[in-house]
Amino acid sequence: MDEDRHERIRAAVAAIPEGCVATYGDVAAEVGEASARLVGRVLSEDGSDLPWHRVLRANGSSAPQILDEQHARLRAEGVEIRDGRVVLANHRVASGWIF
DNA sequence: GCCATGGCTAGTA
DNA sequence: GCCATGGCTAGTA
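Everything quoted here is computed from the prediction, not taken from an experiment. (Residues numbered from 1 in each chain as written. Chains lettered and ligands numbered in written order. Predicted model: local features only at pLDDT ≥ 70, side-chain atom pairs only at ≥ 80, totals over all residues. Heavy atoms only, no water.)

Peer 1: Any details on the nonpolar core? Residues and values, ideally.
Peer 2: By size, the foremost hydrophobic cluster in this structure holds 17 residues, and its most contacted members are Ile9, Val27, Val39, Leu43 and Val55. If you list the elements that add at least two residues to this core, you get helix H1 (2–14), helix H2 (24–31) and helix H3 (36–45). Not counting chain neighbours up to four residues away, the residues in contact with Leu43 comprise Val13, Tyr24, Leu50, Trp52 and Val55. Residues Leu74, Ile81, Val86 and Leu88 belong to the second largest nonpolar core, which totals seven residues. (Core = buried A, V, L, I, M, F, W, Y, C linked by side-chain atoms within 4.5 Å. Buried < 20%, exposed > 50% of the residue type's maximum accessible area, 1.4 Å probe, protein only. Helix = DSSP H or I, 4+ residues; strand = E, 2+ residues; numbered from the N terminus. Contact = heavy atoms within 4.5 Å.)

Written out as structure tokens, the structure is:
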């Protein structure tokens, strides 16, 4: 079932540690079968307490409708934001998580 | 048809 | 900015 894939996406997002971030593509790669686009959709439809704010676009930016809340939450976890986006360069680690 | 994406290009500073 | 892509959803036949 497709719900299976959605569940794996949610599990991958849930596993991102506090203070760390990943890109939609990272999460998709982690799950294996998911496209980055699907990750965005699943998160947008999710109503649970998933740490969706730790998932960013490939360049560290955010879709406008979530930007304010996302940045507020990330700052609260100590993630630095410059020029309206999280700086991802040189922070990528082998597992795909970024810190 | 719609997008909480991503990559690549042109055009400005 | 623009276009390609993937996956889901609404709305018609």
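Peer 1: Lay out helix H4 (residues 64–76) in plain terms, naming residues and giving numbers.
Peer 2: Compared with an ideal rise of 1.5 Å per residue, which puts 13 residues at 18 Å, H4 spans 19 Å between its outermost C-alpha atoms and is within 8% of the ideal. Along its length, H4 reaches its greatest deviation from straightness, about 30°, at Gln70. Of the positions making up H4, those classed as buried are Gln70, His71 and Leu74. Tucked into the core, H4 has its buried residues touching strand E2 (55–56), strand E3 (81–82) and strand E4 (85–86). In the stretch just after H4, Gly78 is the one whose phi turns positive, near 85°. (Expected span 1.5 Å × (residues − 1). Bend = angle between axes of the 7 residues up to and from the residue.)

Peer 1: Tell me about the protein's contact with DNA strand C, residues and numbers included.
Peer 2: Within the structure, DNA strand C sits among Asp2, Arg5, His6, Glu33, Ser35, Arg37, Leu38 and Arg41. When atoms of DNA strand C within 4 Å of the protein are split into backbone and base, the sugar-phosphate part holds 53%. Take Arg37: an N or O atom from its side chain is 2.9 Å from a base nitrogen of DNA strand C. A distance of 2.2 Å separates a base nitrogen of DNA strand C from a polar atom in the side chain of Arg41. Mapped onto the surface near DNA strand C, the elements with two or more residues apiece are H1 and H3. In the surface near DNA strand C, the residues fall into one nonpolar, two polar and five charged. (Near = heavy atom within 4 Å. Polar contact = N/O pair within 3.5 Å; in protein donor to acceptor, adjacent residues only side chain to side chain. Nonpolar A, V, L, I, M, F, W, Y, C, P; charged D, E, K, R; others polar.)

Peer 1: Describe the protein's contact with DNA strand B, with residues and values.
Peer 2: Around DNA strand B sit 14 residues in total, of which Gly25, Arg37, Ala58, Ala63 and Gln65 are the nearest. In DNA strand B, atoms within 4 Å of the protein come 47% from sugar and phosphate. In the environment of DNA strand B, a phosphate oxygen lies 3.1 Å from a nitrogen or oxygen atom belonging to the side chain of Arg57. Of the residues forming the surface near DNA strand B, the biggest block, six residues, is contributed by H3. Here the surface near DNA strand B is built from residues that sort into seven nonpolar, four polar and three charged.

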